[in-house]
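Chain residues, written in single-letter form:
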Amino acid sequence: MSLFASTLFYIGAALMFLDAISYSLGAIRAIRASVKAPNAYWDRRLLLNLLLANMGLYFTALFTLIGALLARTMPQAAQWTLLLSIVVCLYSGVSVLLLSPRDWPHTLPRVLAAVLIGIGLLIR
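It should be emphasised that the depicted structure is a prediction, and the values quoted were computed from it without experimental measurement.

Scoring rules and cut-offs
- Residues numbered from 1 in each chain as written.
- Predicted model: local features only at pLDDT ≥ 70, side-chain atom pairs only at ≥ 80, totals over all residues.
- Heavy atoms only, no water.
- Core = buried A, V, L, I, M, F, W, Y, C linked by side-chain atoms within 4.5 Å.
- Buried < 20%, exposed > 50% of the residue type's maximum accessible area, 1.4 Å probe, protein only.
- Helix = DSSP H or I, 4+ residues; strand = E, 2+ residues; numbered from the N terminus.
- Contact = heavy atoms within 4.5 Å.
- Expected span 1.5 Å × (residues − 1).
- Phe/Tyr/Trp six-rings, centres within 6.5 Å; stacked < 30°, edge-to-face > 60°.
- Salt bridge = Lys/Arg side-chain N within 4 Å of Asp/Glu carboxyl O.
- Axes fitted to C-alpha atoms, helices over the stretch in contact; angles between N-to-C directions.
- Parallel < 35°, antiparallel > 145°, perpendicular 65-115°, else oblique.
- Left-handed = near helix turned anticlockwise from the far one by under 90°.
- Nonpolar A, V, L, I, M, F, W, Y, C, P; charged D, E, K, R; others polar.

(A) Looking closely at the nonpolar core. Ranked by size, the top nonpolar core spans 17 residues in total, and within it F9, L82, I117 and L121 carry the most contacts. When contributions to this core are tallied by element, the ones reaching two or more residues are α1 (3-34), α2 (40-70), α3 (75-99) and α4 (108-123). With sequence-adjacent residues up to four places away left out, I117 is seen in contact with F9, G12, T64, L82, S85 and I86.

Shown next, in the form of structure tokens:
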């Protein structure tokens, strides 16, 4: 793998971590404040779902970082790992566009990560 391709992979992973951190700091509190649960049980269920979604963002960012780390020593394993990262990023982008279209700006870090990772895989 070229140094430039590896750099693109690391930037993609960093964008995914940035997206996860921004969700942790901004979205969870805002969504809980906007959605009034009828009782404590449903409030905890909402929080649980938000935290699980947030953990998924961190997990896929970590998965992408592992792919970037593997790129120089195990290029084929890295390729499959990074392809899966692209699929996850594009899934996030498409699902937000379909389910809450006015939130499309929140997809930009993950879509940009998918593009950078894809370019890195093409030029490797």
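Now, onward.
(B) How the structure looks around the side chain of D19. Among the secondary structure elements, D19 is positioned in helix α1. Beyond its immediate chain neighbours, meaning those up to four positions away, D19 contacts L57, H106, P109 and R110.

(C) Up close: α1. Spanning 32 residues, α1 covers 45 Å between terminal C-alpha atoms, matching the ideal 46 Å at 1.5 Å per step. If you check which residues of α1 are buried, you get A5, S6, L8, F9, G12, A13, L15, M16, D19, A20, Y23 and I28. On the buried face of α1, the contacting elements are α2, α3 and α4.

(D) The arrangement of the packing of aromatic side chains in detail. By the definition in use, this model includes two aromatic pairs. Ring geometry for Y41 against W42: centres 5.2 Å apart, planes inclined by 80°, an arrangement best described as edge-to-face.

(E) Here's a closer look at the pattern of salt bridges. As enumerated under the stated definition, the model contains two salt bridges in all. D19 is the partner of R110 in a salt bridge, and the nearest nitrogen-oxygen pair spans 2.8 Å. Of the two residues, R110 is situated in helix α4 and D19 in helix α1; the sequence distance between them amounts to 91 residues. Residue class for R110 comes out buried when judged on its relative accessible area of 2%.

(F) Structural detail: the packing of α2 against α3. At a minimum axis separation of 8 Å, α2 and α3 run at an interaxial angle of 150°. Viewed along their axes, α2 and α3 adopt a mutual orientation that is roughly antiparallel. Relative to α3, the crossing made by α2 is left-handed. On α3, the residues that touch T60, F63, T64, G67, A68 and L70 of α2 are P75, A77, A78, T81, L82, L84, S85 and V88. Broken down by class, the residue content of the contact of α2 with α3 amounts to nine nonpolar, five polar and no charged.

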